[in-house]
Amino acid sequence: MSTYLYYTQGILDFQEETTTYSEERLEIYLKRKKHQCPKCRSKDVTLRVLYERDVRGLPMGRIREVHFIYTLHQVYCHRCHERSTEEVPFISHPKARLSNEFERTILELREQVSIRALANYFHLRWHTVKEIEKRYLQHKFATIDTSKVQAVGVDEIHIGHGQANQAYLTIVRDLESGAVIHVGDGKGISALEGALSKLSASKLQLVAMDMANAYSTWFAEHFPQAQIVFDHFHVIKLMNDKLDHVRRRVTAKLDSMERKHLKGLRFVFLKNEEDIPEDNQNILHNLRGKFQELGDAYMFKEALRTIYRVAQDAYQANIALHRWCAMAEKTLVPELKTMAKTIRDRLDGIVSYWTFGHASNASTEGFNNKIRWLIRQAYGFRDLEYFKLKIYQLPQINCEKAL
Ligand SMILES: [Zn+2]
């Protein structure tokens with residue numbers, strides 16, 4: 001009689017009592033087949049009604065709202081002499097609003113369908129769908145296996161406005177597999193709280209990070225055997241920041257006509273040399289003449305990129321970087337002088353990039369694009385914990401397909 005409940009809805013221990021249908025809403029009243037003690041399975045129990053529950057099941061045909069209604073009992077077991085609440089095997093936790101089968105379907109569809117679309121289609125609240133996914137992600141990322149991890153990258157990402165601890169997240173990733181190991185609130189060493197226990201099982205040998213932050217001290221203290229690497233991606237990123245600073249400073253000193261001219265040509269400076277079309281090369285040339293500091297900064301940025309392209313090993317990189325610093329220090333551009341100082345101060349870590357393999361640059365950039373995609377989806381700001389869980393899931397998400 002009730003096998004259809006099992007085959008279509010995954011409900012085994014209950015049978016249908018009555019059914020009512022009105023306005024596209026099917027209500028199936030369920031009755032438990034047998035009452036027993038959840039601990040010893042004895043049927044020698046006395047029942048007490050707790051309350052009536054309404055759990056949504058999978059849609060049936062055209063009917064999207066299928067409700068299972070049943071009474072939950074407390075049982076007193078005459079063998080154990082204990083009171084306990086009866087189990088409901090077709091839901092995932094006592095407060096679940098959807099059956100296991102329905103939750104599983106939602107999670108399967110969620111890979112390719114937005115929360116909003118799922119909520120609309122199944123007549124659910126946005127919040128309900130999100131909470132189902134959140135529970136799943138909490139469970140999935142409760143423990144992360146780091147036993148094979150040898151190299152990690154640490155990055156700060158800007159996720160919005162407000163105080164530092166709301167505006168930033170700090171992310172630790174496995175540079176080989178790309179897996180997210182830790183997502184910490186804010187930035188700075190306090191954001192690494194919680195990463196220590198996760199990484200304690202690792203075989204950490206290399207940590208790639210930004211030159212501007214303080215994480216190197218934390219890793220030096222807890223993982224003294226690990227080499228700190230300031231990788232290609234972060235060095236060039238810092239150089240681009242410097243270039244942008246020069247551009248803004250130069251722009252501020254111009255009169256409105258010149259400013260307009262420079263603004264129109266801004267794109268040229270933001271590009272890498274090989275990406276500038278042939279007919280714009282002379283614009284770049286003229287810009288260098290007219291705005292000398294900006295021209296200098298651009299050339300030094302390109303020279304730094306060339307070192308990464310050309311240097312074969314740590315020895316060559318070392319010489320080239322020293323030369324770069326010496327030349328940068330002779331310019332009249334303060335941003336280049338500070339960049340030279342940063343490179344000299346961190347030279348060991350920068351050159352380690354050549355010694356320890358070109359571990360990370362492409363994957364860091366790709367991952368940052370995915371983060372930006374996730375921020376655009378904007379669900380992070382309503383529920384930060386959910387947003388952080390989605391970051392753990394990011395390496396598995398195909399952003400072009402997913403929503
Ligand atoms: Zn019992």
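Here the structure is shown first, and the text comes after it.
Residues numbered from 1 in each chain as written. Predicted model: local features only at pLDDT ≥ 70, side-chain atom pairs only at ≥ 80, totals over all residues. Heavy atoms only, no water.

### Thoughts on the pairing of strand E4 (residues 65-77)
Counting buried positions along E4 yields 11 of 13 residues, so the element is predominantly enclosed. By the bridge criterion, 5 bridges tie strand E2 (residues 25-32) to E4 in an arrangement that is parallel. Each bridged residue has a counterpart across the sheet, and for Arg25 the counterpart in E4 is Glu65. The pairing of strand E3 (residues 45-57) with E4 spans 12 bridges and is antiparallel. Paired with Val45 across the strands is Cys77, a residue of E4. The antiparallel pairing of E4 with strand E5 (residues 82-85) creates a hairpin that spans 4 residues between the two strands, and His81 there sits at a positive phi of about 55 degrees. (Buried < 20%, exposed > 50% of the residue type's maximum accessible area, 1.4 Å probe, protein only. Helix = DSSP H or I, 4+ residues; strand = E, 2+ residues; numbered from the N terminus. Pairing = 2+ DSSP bridges.)

### Some points on helix H4 (residues 126-140)
Because each turn of an α-helix spans 3.6 residues, side chains separated by three or four positions in sequence point in the same direction. When the terminal C-alpha atoms of H4 are compared, their 21 Å separation across 15 residues agrees well with the 21 Å that a helix rising 1.5 Å per residue should span. Regarding H4, the residues found buried are Trp126, Thr128, Val129, Lys130, Ile132, Glu133, Lys134 and Leu137. Structurally, H4 contributes buried residues whose contacts are with helix H2 (100-110), helix H3 (115-122) and helix H17 (384-393). (Expected span 1.5 Å × (residues − 1). Contact = heavy atoms within 4.5 Å.)

### Notes on the coordination of the zinc ion
Protein coordination at the zinc ion comes from Cys37 (SG), Cys40 (SG), Cys77 (SG) and Cys80 (SG), with a distance range of 2.1 to 2.4 Å. In this structure, the zinc ion is coordinated by 4 donor atoms arranged in tetrahedral fashion, with angles at the metal of 106 to 116 degrees. The sequence motif formed by the donor residues of the zinc ion is C-x2-C-x36-C-x2-C. One end of the pair, Cys37, is in the loop between E2 and E3; the other, Cys80, is in the loop between E4 and E5, and 43 residues separate them in sequence. With a relative accessible area of 26%, Cys80 lands in the partly exposed category. (Donors = N, O, S within 2.8 Å, 3.2 Å for Na, K, Ca; no water. Tetrahedral: all angles 85-135°; square planar, octahedral: opposite > 155°, others 65-115°.)

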